[in-house]
Amino acid sequence: MKVVRSSVGVGQTSLDGFLGYLPQAIRYSLCRACEGVLDRLLEIRLRLGRPVMLVFEDCERPLGHSGLCRGGETPVVFTRAMRDETLQLLTDRSIYAAEEELRSGYLTIAGGHRIGVVGRAVVSNGVVESIVDISGINFRVARDVKDAAVEIMPHVLGGPLGVRTTLVYSPPGCGKTTLLRDLARRLSDGIGIPRPFRVSLVDERSELAGCYRGEPQRDVGVRTDVLDRAPKAVGIMMVIRSMSPEVVITDELGRAEDVYAVEECMNAGVALVASAHAGSLQELVRRPALEAMLSRGYFERYIGLSNEPRVGAIAQVNTGNEVASLFCSNAKA
């Protein structure tokens, strides 16, 4: 776990470096794809013995030997040799040295790109010790989406601390992490607001700042400090004590132990902006691990996101009082 200072403009898309971690056969086919394919690419999914799939916002397409698979063209199939080459490239030819990261199911590479892995989990006393016989690798392209947080700024700004304690929720794939990253940048750099704020990111899964060898690869603002790979319940308290932030931002609340950290954040006079998985406000209040936080009125704003008409669109905004009333209604029912 390291606290590191964010660098401005580091790692925008970095696709050239991204391609360098792919096996030669796949890299060659991608480079032959038609213009604009790489610009729209969200993920490259590699599954052992099956076609390489390119994921875009609106579709998935198999990779052919001359770019996107067309007509009766045979797709590129991910082989064991390709798997071994990919792992060697991702771990700098030392899978053992990367074992700690691999056991969490992902790696972060230069540019802040996230590489997910699945295979056979080696479990001891209920804890995953390592992942072996890797059968699937998912390359997720990291991009800074500037202004993703513009619409939520009026809902987040305000209150005694200048920033309201806020919970952003949505199903997976609706842009929560992208929005929080841009929110950190805007608050930290003082974009469109009366003054900037000291921000601390508690980035348990290395998704918000995309740290690589201690350096944030995403632009999260000049006044932002990043605590990378620390569990949220521990990390929130660490940054409050060590970095004196005005705002703490973290991703994916949901464990029972997160309640205490959120409570301590409030008692320290620090604003917290976090996210959680839920398809609706009703689903959110039914999550047992979040119930204590929500029923006690810890959050001043609840912002629900959707992917219609676009990823990251605001679907619903509620105040803390409105959510408290919902709890009362459920209790009476």
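Residues numbered from 1 in each chain as written. Predicted model: local features only at pLDDT ≥ 70, side-chain atom pairs only at ≥ 80, totals over all residues. Heavy atoms only, no water.

**Q** How should the packing of helix α8 (residues 232-243) against helix α9 (residues 258-267) be read in this particular structure?
**A** The axes of two packed helices give the description: the angle between them and the distance between them. Running from N to C, α8 and α9 cross one another at 20 degrees; their axes reach a closest spacing of 8 Å. With respect to each other, α8 and α9 are oriented roughly parallel. For the pair α8 and α9, the crossing hand works out as left-handed. Here Lys-232, Ala-233, Ile-236, Met-237 and Ile-240 of α8 lie close against α9, whose contacting residues are Asp-258, Ala-261, Glu-264 and Cys-265. Taken together, the residues of the contact of α8 with α9 sort by class into 6 nonpolar, no polar and 3 charged. (Axes fitted to C-alpha atoms, helices over the stretch in contact; angles between N-to-C directions. Helix = DSSP H or I, 4+ residues; strand = E, 2+ residues; numbered from the N terminus. Parallel < 35°, antiparallel > 145°, perpendicular 65-115°, else oblique. Left-handed = near helix turned anticlockwise from the far one by under 90°. Contact = heavy atoms within 4.5 Å. Nonpolar A, V, L, I, M, F, W, Y, C, P; charged D, E, K, R; others polar.)

**Q** Where do I start with the pairing of strand β13 (residues 271-277) in this structure?
**A** Every regular strand shows the same layout, with side chains that alternate between the two sheet faces. By the criterion of burial, β13 is predominantly enclosed, with 6 of the 7 residues buried. Here strand β9 (residues 166-170) pairs with β13 via 5 bridges, running parallel. Directly across from Tyr-169, in β13, lies its bridge partner Ala-276. For strand β12 (residues 247-250) and β13, the ladder comprises 3 bridges, and the chain directions are parallel. In the strand pairing of β13, Val-247 is matched with Ala-271. (Buried < 20%, exposed > 50% of the residue type's maximum accessible area, 1.4 Å probe, protein only. Pairing = 2+ DSSP bridges.)

**Q** How should α8 be read in this particular structure?
**A** Side chains three or four residues apart in an α-helix point the same way, a direct result of the helix having 3.6 residues per turn. The end-to-end C-alpha separation of α8 is 15 Å, in line with the 16 Å expected for 12 residues at 1.5 Å each. Taken as a whole, α8 has its buried residues at Lys-232, Ala-233, Gly-235, Ile-236, Met-237, Val-239 and Ile-240. Those residues of α8 hidden inside the fold are in contact with β10 (199-203), β11 (224-228), β12, α9 and β13. Positive backbone phi, approximately 40 degrees, marks Ser-244, located one or two places after α8. (Expected span 1.5 Å × (residues − 1).)

**Q** I tried to follow the nonpolar core on my own but got confused; where do I start?
**A** The nonpolar side chains of soluble globular proteins are, as a tendency, buried together. Ile-26, Ile-44, Leu-46, Leu-54, Ile-137 and Phe-139 are the most contacted members of the largest nonpolar core, which has 32 residues in total. Elements that contribute at least two residues to this core include exactly α1 (15-19), α2 (24-31), β2 (43-47), α4 (80-90), β7 (114-124) and β8 (127-140). Here this core gets 4 residues from one element, more than from any other, and that element is β8. With residues up to four places along the chain from it excluded, the contact list for Ile-26 reads Leu-46, Val-52, Leu-63, Val-76, Phe-78 and Met-82. In this structure, Val-270, Leu-272, Met-293 and Phe-299 belong to the second largest nonpolar core, which totals 31 residues. (Core = buried A, V, L, I, M, F, W, Y, C linked by side-chain atoms within 4.5 Å.)

**Q** Quick question: what am I supposed to make of α2 here?
**A** Those residues of α2 that sit buried are Ile-26, Ser-29 and Leu-30. Taken down its axis, α2 places every buried residue within 100 degrees of arc, on the same side. Opposite the buried face of α2, by more than 90 degrees, sit the exposed residues Gln-24 and Cys-31. (Arc of directions from axis to C-beta.)

**Q** What is the right way to look at the pattern of salt bridges in this model?
**A** Working definition: two side chains of opposite charge can pair if their charged atoms are close together. Enumeration over the complete set of coordinates arrives at 17 salt bridges. One salt bridge connects Arg-205 with Glu-252, and the closest N-O pair in it is separated by 3.3 Å. Separated by 47 residues along the polypeptide, Arg-205 in the loop between β10 and β11 and Glu-252 in the loop between β12 and α9 bring together distant segments of the chain. Classification of Arg-205 by relative accessible area gives partly exposed; the value is 26%. Where salt bridges share partners, they join Glu-43, Arg-45, Arg-114, Arg-140 and Glu-207 into one cluster. (Salt bridge = Lys/Arg side-chain N within 4 Å of Asp/Glu carboxyl O.)

**Q** What is the right way to read the pairing of β2 from this model?
**A** Bridge analysis of β2 against strand β3 (residues 53-55) gives 3 bridges, and the strand direction is antiparallel. Considered in β3, the bridge of Glu-43 is made with Val-55. Between the antiparallel neighbours β2 and β3 lie 5 residues, among them Gly-49 with a positive phi of about 80 degrees. Where β2 and β8 come together, 5 bridges link them in antiparallel fashion. Pairing of Ile-44 across the sheet is with Phe-139, part of β8.

**Q** For this particular structure, what's the right way to read unusual backbone geometry?
**A** Negative phi values dominate among residues other than glycine, just as trans dominates among peptide bonds. A cis geometry characterises the amide bond from Glu-308 onward to Pro-309, with omega recorded as 5 degrees. Among the structural elements, Pro-309 can be located in the loop between β14 (301-306) and β15 (313-319). Phi is positive for Arg-213, which is not a glycine, with a value near 55 degrees. Mapped onto the elements of the fold, Arg-213 is located in the loop between β10 and β11.

**Q** Teacher, can you tell me more about the confidence of the model for the chain here?
**A** In low-pLDDT segments, the atomic positions of the prediction should not be examined closely. Scored by pLDDT, the chain has a mean of 87; 92% of the residues are at 70 or more. Per-residue pLDDT, averaged within each element of the chain, yields its smallest value for strand β1 (residues 2-5) (40) and its largest for β12 (98). In this model residues 1-13 is a low-confidence stretch, pLDDT under 50, and it forms 55 contacts with partners more than four residues away in sequence or in other chains. (pLDDT = per-residue confidence, 0-100.)

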